[in-house]
Amino acid sequence: MTTQNRKKYSFTTTFGIAVILLVVMLFVSILLGDAKINIGTIIQAVFNYDSSNQQHNIISEIRIPRDVGAILVGMALATAGAVIQGVTKNGLADPSLIGLNSGASFMLALTYATLPKAPFLLLMVAGFVGALLGGFIVLMIGRSRSDGFNPMRIILAGAAVSALLTALSQGIALMFRLNQSLTFWSAGGVSGTTWPQLIWAAPFILVALIILISISKQLTILNLGETLAKGLGQNVTAIRGTTLVISMVLAGIAVAMVGQIAFVGLMVPHIVRYIVGTDYARVIPLTAVLGGLLVLVADTLARMLGEAPVGAIISFIGVPYFLYLVKKGGRFS
């Protein structure tokens, strides 16, 4: 068996195990909670739903939307982080650390202030516009003509821009009495996810993932170096711009759904690259699955701990990992 075949087999096995773990965790998450529910009841609720059955209502209207929302958000944030890290060659990049999440939250606060009953589609658009605003400012500050995207400059710019946008969000919340909504987005949580939100968000997230997988070869080459990519005839500007915009779409939708959740897009891509290398045809699918698994596990723990903030649980792991990466100089795993 050649080295290439061994790598393919390793990816196939790893991806299969990750998908199985995700499915098993989904069932476990639906089972756990204040209401006692068994697997048979879950199957009945899915295939033979009875609106008069309270357990069926809990499963179909609360737990399944919440868990599917957690998976989609994890996929979106982790994949966005992987792409941003590859495009900017910055191992410390994460949607929350380069202004995407805070920018999305700022626009969401502004939207709620001006349109209190805004539909979810408008909130998704606002989240994307805000992520685009925050990310563009940070990346422009962090980029120089001499050395491209400087990792430390991006992180410092991200901290400053995020602080500014967060302060503006809080100012809007105080002025328009949106403190409760702002607290939800600051803490991050999927408890309020509904089917209408999933119906709007899921197609955008899945299409974005499909597009990124379809251009994964170009991403892999770009990750090896801009000079090499240009030498192979790639339109580096177009690839970089397209992938960054898609990443901002993913981050904006995630924030619109559940608020600010940090470090998912930082940790998962590093773990995936350690396992399967830097080929983005493998990195993106595995990152999406493991990102969904991470947020699902964190949300299940949050539920068992009395609805603790999901963002706080992930940060409990993410902050030490971020400091570890800083000590390493932000190098890729």
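An unreviewed UniProt entry annotates the chain as Probable heme-iron transport system permease protein IsdF originating from Staphylococcus lloydii. As recorded by UniProt, the Function (unreviewed entry) comment attached to the chain reads in full: "Part of the binding-protein-dependent transport system for heme-iron. Responsible for the translocation of the substrate across the membrane." Word for word, the UniProt comment on the chain under Subcellular location (unreviewed entry) is "Cell membrane".

Draft legend 1. Fine view of the overall build of the chain. A tally of regular secondary structure across the chain gives 14 helices and 2 strands. In summary, the chain has a C-alpha radius of gyration of 20 Å against a globular reference of 20 Å for 333 residues, a match within 12%. Projected onto its principal axes, the C-alpha coordinates of the chain cover approximately 65 × 60 × 35 Å. Of all 333 residues assigned to the chain, the portion counted as buried reaches 52%. Within the chain, contacts between residues at least 6 apart in sequence are counted, and of these 75% link residues at least 24 apart. Summed over all atoms, the accessible surface of the chain reaches about 15,300 Å², with 69% contributed by carbon and sulfur. Side chains of the chain give 21 positive and 10 negative charges; the mean places of these two sets differ by 14 Å.

Draft legend 2. Region of interest: the UniProt feature "transmembrane region" (unreviewed entry) in the chain. Mapped onto the present numbering, the UniProt feature "transmembrane region" (unreviewed entry) falls on residues 12–32, 68–85, 121–142, 154–178, 198–215, 244–268, 280–301 and 308–326. Split by type, residues 68–85 is 100% helix and 0% strand. Its first and last C-alpha atoms lie 26 Å apart. Along residues 244–268 the backbone is 80% helical and 0% strand, and the end-to-end C-alpha distance reaches 18 Å.

Draft legend 3. Structural view of the nonpolar core. Ranked by size, the top nonpolar core spans 96 residues in total, and within it L250, M257, F263, V264 and I314 carry the most contacts. Beyond its immediate stretch of four places on either side in the chain, L250 contacts A76, T79, A80, I205, A208 and L212.

Draft legend 4. Geometry of the packing of aromatic side chains. Per the counting criterion, the structure on display carries 3 aromatic pairs. The interplanar angle of 50 degrees and the centroid separation of 6.3 Å between the aromatic rings of F263 and F322 together place this pair among those described as tilted. Of the two residues, F263 sits in the loop between α11 (236–258) and α12 (264–276) while F322 sits in helix α14 (residues 310–328), which places them 59 residues apart along the sequence. For F322, a relative accessible area of 16% gives the class buried.

Draft legend 5. Highlighting the packing of helix α5 (residues 120–142) against helix α8 (residues 195–214). One way to put it is that α5 packs onto α8 with a least axis distance of 9 Å and a crossing angle of 40 degrees. Between α5 and α8, the angle falls in the class oblique. Note on packing geometry: the crossing formed by α5 with α8 is right-handed. Touching F120, L121 and M124 of α5 are Q197, W200, A201 and F204, all from α8. When grouped by side-chain class, the residues that make up the contact of α5 with α8 number 6 nonpolar, 1 polar and no charged.

Draft legend 6. Here's a closer look at helix α9 (residues 216–224). Within the sequence span of α9, burial applies to S216, L219, T220, I221, L222 and N223. Structurally, α9 contributes buried residues whose contacts are with α3 (54–88), α8, α10 (226–231), α11 and α13 (280–304). Taken from the residues just after α9, G225 is the one with a positive phi, measuring 145 degrees.

Draft legend 7. Spotlight on the confidence of the model for the chain. Taken as a whole, the chain shows an average pLDDT of 86; of its residues, 91% reach a score of 70 or greater. Contacts for the low-pLDDT stretch residues 1–6, under 50 throughout, to residues beyond four places or in other chains number 2 contacts.

Draft legend 8. Geometry of the side chain of D94. Note that D94 resides in the loop between α3 and α4 (100–114). For the buried D94, no salt bridge is present, and the opposite-charge side chain at shortest range is R273, 10 Å distant. A polar contact of 3.0 Å, which involves the side chain of D94, links it to the backbone nitrogen of G265. Discounting residues that sit within four places of it in the chain, D94 has contacts with A262, F263, V264, G265 and L266.

What counts, and where the lines are drawn
Residues numbered from 1 in each chain as written. Predicted model: local features only at pLDDT ≥ 70, side-chain atom pairs only at ≥ 80, totals over all residues. Heavy atoms only, no water. UniProt positions renumbered as here; feature names shortened; annotations may be inferred. Helix = DSSP H or I, 4+ residues; strand = E, 2+ residues; numbered from the N terminus. Rg over C-alpha atoms; globule rule 2.2 N^0.38 Å. Buried < 20%, exposed > 50% of the residue type's maximum accessible area, 1.4 Å probe, protein only. Contact = heavy atoms within 4.5 Å. Areas by Shrake-Rupley, 256 points an atom, 1.4 Å probe, with all protein chains shown as cover. Lys, Arg positive; Asp, Glu negative; His and termini not counted. Charge placed at Lys NZ, Arg CZ, Asp CG, Glu CD. Core = buried A, V, L, I, M, F, W, Y, C linked by side-chain atoms within 4.5 Å. Phe/Tyr/Trp six-rings, centres within 6.5 Å; stacked < 30°, edge-to-face > 60°. Axes fitted to C-alpha atoms, helices over the stretch in contact; angles between N-to-C directions. Parallel < 35°, antiparallel > 145°, perpendicular 65-115°, else oblique. Left-handed = near helix turned anticlockwise from the far one by under 90°. Nonpolar A, V, L, I, M, F, W, Y, C, P; charged D, E, K, R; others polar. pLDDT = per-residue confidence, 0-100. Salt bridge = Lys/Arg side-chain N within 4 Å of Asp/Glu carboxyl O. Polar contact = N/O pair within 3.5 Å; in protein donor to acceptor, adjacent residues only side chain to side chain.

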